[in-house]
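Results of the structural survey
What follows is each chain in one-letter form.
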2 protein chains.
Amino acid sequence: MSQKHVGWAPPTENDVDNIGGQTSASSVESCPPYTLRDEVTPADRDAVRQLVERTGFFRSDEVEIAVELVDERLARGPASGYYFVFTELGDALAGYACYGPTACTESSFDLYWIAVDPKLQGRGLGRQLMSEVEARVRGAGGTRIYVDTSGRPQYQPTRTFYERNGFHCEAVLRDFYAPGDDRVIYVKCLCE
Amino acid sequence: MSQKHVGWAPPTENDVDNIGGQTSASSVESCPPYTLRDEVTPADRDAVRQLVERTGFFRSDEVEIAVELVDERLARGPASGYYFVFTELGDALAGYACYGPTACTESSFDLYWIAVDPKLQGRGLGRQLMSEVEARVRGAGGTRIYVDTSGRPQYQPTRTFYERNGFHCEAVLRDFYAPGDDRVIYVKCLCE
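First things first, this report covers the structure right here in the doc. (Residues numbered from 1 in each chain as written. Chains lettered and ligands numbered in written order. Predicted model: local features only at pLDDT ≥ 70, side-chain atom pairs only at ≥ 80, totals over all residues. Heavy atoms only, no water.)

**Comments concerning the packing of aromatic side chains**
Residue and element names in this part refer to chain A. Counted according to the given criterion, the structure contains 26 aromatic pairs over all chains. The interplanar angle of 45° and the centroid separation of 5.8 Å between the aromatic rings of tyrosine 162 and tyrosine 186 together place this pair among those described as tilted. Within this pair, whereas tyrosine 162 is found in helix α5 (residues 156–164), its partner tyrosine 186 is found in strand β7 (residues 181–189), the two being separated by 24 residues in sequence. Take tyrosine 162: its relative accessible area is 0%, and that puts it in the buried class. In textbook terms, an aromatic cluster arises when at least three aromatic residues are bridged by ring pairs, as seen for Phe57, Phe58, Trp113 and Tyr155. Across the ring face of phenylalanine 86, the terminal group of arginine 37 is positioned such that the distance to the ring centre comes to 4.4 Å. (Phe/Tyr/Trp six-rings, centres within 6.5 Å; stacked < 30°, edge-to-face > 60°. Helix = DSSP H or I, 4+ residues; strand = E, 2+ residues; numbered from the N terminus. Buried < 20%, exposed > 50% of the residue type's maximum accessible area, 1.4 Å probe, protein only. Lys NZ or Arg CZ within 6 Å of the ring centre and 35° of its normal.)

Laid out in structure tokens, this is it:
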């Protein structure tokens, strides 16, 4: 056990590129400069901070959590329970996702974070990252992926993104984050 | 942010003393040797491990989590986000609860752990611990306390305990812990 419960942070996703269906993941494949990477390096600390800040979507305490997850992974390796997928455009971080097995469960995983550089949204990078996370979770024997977000109106694109990626809303905890700010719990079953 | 997400562990409660209404918290008051304590000392590490093991209710990985929360508190103090209430009979640990503020929420708290020595159950110690946690959460400005448990039949006493202490079931995540083992999320609103 070494994971921090950032599942309670709303791991919002500002990559609304899938909304409206402008592009699809295949458009990424036609952009060779995009590369995927699993390893975490010390340089990712600043890169993740800058990317998450650039989205303009996260509060400062949420940004700190994003960075802490990188720190935890750097310090403890896989034992941290945090796994990453980075997508890069040349040397620049274009987007990333952080996920890991859920403590005390047989095969549930949490998606803690997923974010795409706002300048690179609309190219299917969010969907691609989600697909990569799913493949890795399946490979690790995972059967369910959970992700939380807020029920506030400004998170509608986030919720739509999850729904378009096969997640369904399983529970709503009223006023969890604050009065009027519900926690919405999504799940995707990989075993179906 | 320094909390581990043990909220996902089923913080089961084997103190079923409130079931059947045999005794009430007032019986504790008539037992002067019971004392309450908030501070965490290095000796609590072993005491918590032994108590949690004695309940016979927790898996070994769950026991390790209970100990890790003590370690985290000892290492980081209040910054760990873990707060404790211990009830003692003389020098011996009779029961304890661990709780803390929920990250990224305005005033929600999690009850991570609550356990009573099986030899001392039926004396209202569980209810007293819950009451002490509530008082401390209120004092810290908290408005909601969340606690998770399993939906399996053997956790019915746990669920009954929460319900008798003013919690209500707000959500069920199907097959969360394992196939056939749901996560049941209880909440108690302190603002009502």
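Moving on from the coordinates now.
**Quick word on the packing of helix α2 (residues 43–54) of chain A against helix α3 (residues 60–76) of chain A**
All names here are of chain A. Two numbers describe how α2 lies on α3: the axes approach to 9 Å, and their chain directions differ by 155°. In terms of their interaxial angle, α2 and α3 are classed as roughly antiparallel. Every pair of crossing elements has a handedness; the one defined by α2 and α3 is right-handed. Note on element contacts: α3 touches α2 through Val63, Glu64, Ala66, Val67, Val70 and Asp71, opposite Asp44, Arg45, Val48, Arg49, Val52 and Glu53. Residue classes in the contact of α2 with α3 are distributed as six nonpolar, no polar and six charged. (Axes fitted to C-alpha atoms, helices over the stretch in contact; angles between N-to-C directions. Parallel < 35°, antiparallel > 145°, perpendicular 65-115°, else oblique. Left-handed = near helix turned anticlockwise from the far one by under 90°. Contact = heavy atoms within 4.5 Å. Nonpolar A, V, L, I, M, F, W, Y, C, P; charged D, E, K, R; others polar.)

**Quick notes on α2(A)**
Residues and elements named next belong to chain A. Between the first and last C-alpha of α2 there are 17 Å, a value that for 12 residues agrees with the 16 Å anticipated at 1.5 Å per step. Residues of α2 that are buried: Asp44, Val48, Leu51 and Val52. Looking straight down α2, one finds its buried side chains confined to an arc of 95°; they lie on one side. Lining the buried residues of α2 we find β1 (34–37), α3, β2 (83–89), β3 (92–101) and β4 (108–116). A positive backbone phi angle near 70° is found at glycine 56, which sits one or two residues after α2. (Expected span 1.5 Å × (residues − 1). Arc of directions from axis to C-beta.)

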